[in-house]
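# Fold and contact review
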Amino acid sequence: SSTWILLLTAWNALTNYSNNNQFCSFMAHSLESHIAWRYLFSKKGHNAINIVSGVSAVAIAVVTACMICVLSVMNGFGVLVEQMFSEFDPPLIITSKQSHTFRTDTAPIQSLFSTDAIGTISQQVEHTALVRYKDHQLPCRVLGVDSLFTRTAHIDSVITDGFYSVYDGAFERAVLGRGLAAQIGINAHFTGALHLYAPKRIGKINMLRPDQSLEHEHAFIAGTFAINQVDYDDQLMLISLPLAQRLFGFDNQTVTALRIQPADGYSIEETKQRIKSIVGSEYNVHDRYEQQQDFFKILHIEKLLTLLLLVFILLIASFNIIGSLSMLILDKNEDIRILSHLGANQSTIRRIFLREGWLISALGAVVGIIIGVLICLGQQYFGWLKLGDGSDYVISAYPVVVQVSDVILVTIIVGILGFIAAWYPTRAITSHSINKTLIILFAAGSICSCTPHYSGDKKSGLPTEYTSAYQEIYGVCYDSIAYPVVALDLYSEGLELDENHRMQGTGYNLYISD
């Protein structure tokens, strides 16, 4: 049609001058995008192409939404577990690299007490001991803490029975994990004493009286706690720091770790770097993530494996784009021929269909991200999906946390797979697939020269079947314009159109001037 000729002739002129003019290059690319956009929503020659294109976009959208939702749920569980650990673990903890214990009267440690970046330093001693209550006994982890412990842990918020106290001024007290208390058959209301045993650090074992080789202390239960982690609930007991030091044979200057709470106005990372610069390389300084490094590594591996599985599903869904573009290329073969006649080279036509595939992927990605984020926000605020009946779990509904980094990651993955899926079928668009018809346009009063160039077998002229047509055009170019448009059809198996708008054939080259 005349619209095609006028539009694409202007577009051809833009592409010819795009190398020297940035605006023309932008207009040419915009026109390519416009054609691709029209192809996406226009009615195709076969209704099946529209259906497959729609299915492709829907498949991409569904998988994208699933990726957003699944990754957000994994984030939710990670944040939930981090909150549980933060109830007990300090923001920073200092331990020795060389031994299980270290002394607090050394110069580097003493310097910490005068550091303005540190708000609270709590001392602790942790070791394994045997706990006995009446006829029940089992090994457990005993943690001796000082009076500043509550400033580095939210222990009051996880007490399930009784109250928190490790020394009431008259008696030594103990706070047990809920699972540990259940295993030895005790609760916060029992008045009997808990007996604690630990091997003596100095001396020989008396084989006749092995009980004399053990340190023995006792305490009364004050309460139980639960943070819903087996390592804490089923194995940990809190007692006072002096009692733990006597039980394990340490003096009052020996500890296993220092719990650090940053001062107001200082971040955890800033305080961590300040402490490292003071204590040097002989001590470890770990934040909450590093204190539970193994657990969070497992959580990240699970998230990565889940993401890889969803990427594989997305890859399968991308095959619909390949089928859709393949059928579209066959359906638009006539348009491809017209574009090539008007000067579009092979790479230009490929870019049109490549952008068509990108549009399908982009449409599915945008719709999928919107749906996924809306579902996650609904789950976050309304708790649509429950964890069973909610009575046996810490929370009643699946936790969800949408992170911008996950949205960006999903967008990049969909974009890469969409590009690959769109690039693969466009490889079929080659110079051999374009009908070799040359259309020479003449504007009124202009002159176009078609000069033959001989190569190959060095013939004296064009083949016989093209001589009369060439002479006709030659006369039009140099004498007078007889018609506004003169067409010369070159049907030959040996002819190809290269990127310089040049028809090449066996034994000769025919050049077309701009």
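Residues numbered from 1 in each chain as written. Predicted model: local features only at pLDDT ≥ 70, side-chain atom pairs only at ≥ 80, totals over all residues. Heavy atoms only, no water.

## Looking at the side chain of S56
We apply this condition: Comment: elements are numbered from the N terminus, with helices defined as DSSP H or I runs of at least four residues and strands as E runs of at least two. Every residue pair with non-hydrogen atoms within 4.5 Å of one another is taken to be in contact.
Positionally, S56 belongs in helix 3 (residues 47–86). Those residues in contact with S56, other than ones at most four positions away along the chain, are N320, I321, S324 and I360.

## Examining the pattern of salt bridges
To keep things clear, this is the line we draw: Salt bridge, as used here, is a side-chain nitrogen of Lys or Arg placed within 4 Å of a carboxyl oxygen of Asp or Glu.
Throughout the structure, instances matching the rule amount to ten salt bridges. D251 serves as the salt-bridge partner of R103, at 2.8 Å between the closest nitrogen and oxygen. Of this pair, R103 sits in strand 2 (residues 102–103) while D251 sits in the loop between helix 8 (241–247) and strand 10 (254–255), and the two are 148 residues apart along the sequence. Note that D116 is salt-bridged to R274, the shortest N-O span being 2.7 Å.

## Let's talk about the nonpolar core
The test is simple: We define the nonpolar core as a collection of buried residues of types Ala, Val, Leu, Ile, Met, Phe, Trp, Tyr and Cys that are connected through side-chain atoms lying within 4.5 Å of one another. Buried residues are those whose accessible area, probed at 1.4 Å on protein chains only, stays under 20% of the maximum for their type, while exposed residues exceed 50% and partly exposed ones sit between those limits.
Judged by nonpolar contacts, the single largest core of 40 residues is most densely connected at L112, L176, L194, M237, F248, L258 and I275. Ranked by residue count, the leading element in this core is strand 3 (residues 118–133), at six residues. Setting aside residues up to four positions removed in sequence, I275 forms contacts with L92, I94, L112, I118, I260 and V285.

## Some words on the packing of aromatic side chains
Test applied: Side-chain rings of Phe, Tyr and Trp, where Trp is taken by its six-membered ring, are said to pair if the distance between their centres is within 6.5 Å; with planes under 30 degrees apart they count as stacked, over 60 as edge-to-face, and otherwise as tilted.
Enumeration over the complete set of coordinates arrives at 16 aromatic pairs. Centre to centre, the rings of F88 and F149 are 5.8 Å apart; their planes meet at 65 degrees, and the pair counts as edge-to-face. Of this pair, F88 sits in the loop between helix 3 and strand 1 (92–96) while F149 sits in helix 5 (residues 149–152); the two residues are 61 residues apart in sequence, bridging distant segments of the chain. For the pair formed by F88 and F149, the shared burial category is buried.

## Structural notes on the confidence of the model for the chain
Threshold: pLDDT runs from 0 to 100 and stands for how confident the predictor is about each residue.
Chain-level pLDDT for the chain is 77 on average; 72% of the residues reach the 70-or-more range. Counted against residues more than four places away or in other chains, residues 431–497, with its pLDDT under 50, gives 101 contacts.

## Describing helix 13 (residues 346–382)
Rule in force here: A helix is expected to span 1.5 Å multiplied by its residue count minus one.
Along its 37 residues, helix 13 runs 54 Å from first to last C-alpha, staying within 8% of the 54 Å computed at 1.5 Å per residue. G383 occupies a position one or two residues after helix 13 and carries a positive phi of about 60 degrees.

## Here's the deal with the pairing of strand 3
Formally: Two strands pair if DSSP finds at least two bridges between them.
Inspection of the sheet shows strand 3 paired to strand 11 (residues 257–262) by six bridges, in the antiparallel sense. Across the sheet, residue S122 finds its bridge partner in strand 11, namely R259. Bridge analysis of strand 3 against strand 4 (residues 136–145) gives ten bridges, and the strand direction is antiparallel. Residue pairing for strand 4: A129 is matched across the bridge by C140.

## What about unusual backbone geometry?
Notably, K134 is not glycine yet its phi reads approximately 55 degrees, a positive angle. Relative to the helices and strands, K134 resides in the loop between strand 3 and strand 4. When its relative accessible area of 59% is taken as the criterion, K134 is described as exposed. Here N228, not a glycine, exhibits a phi torsion of approximately 60 degrees, which is positive. Structurally, N228 is set in the loop between strand 8 (214–225) and helix 7 (230–233).

## Quick word on the environment of L258
Within the secondary structure layout, L258 lies in strand 11. Overall, L258 belongs to the buried group, its relative accessible area being 0%. Separated by 166 residues in sequence, L258 and L92 place their C-alpha atoms 8.4 Å apart.

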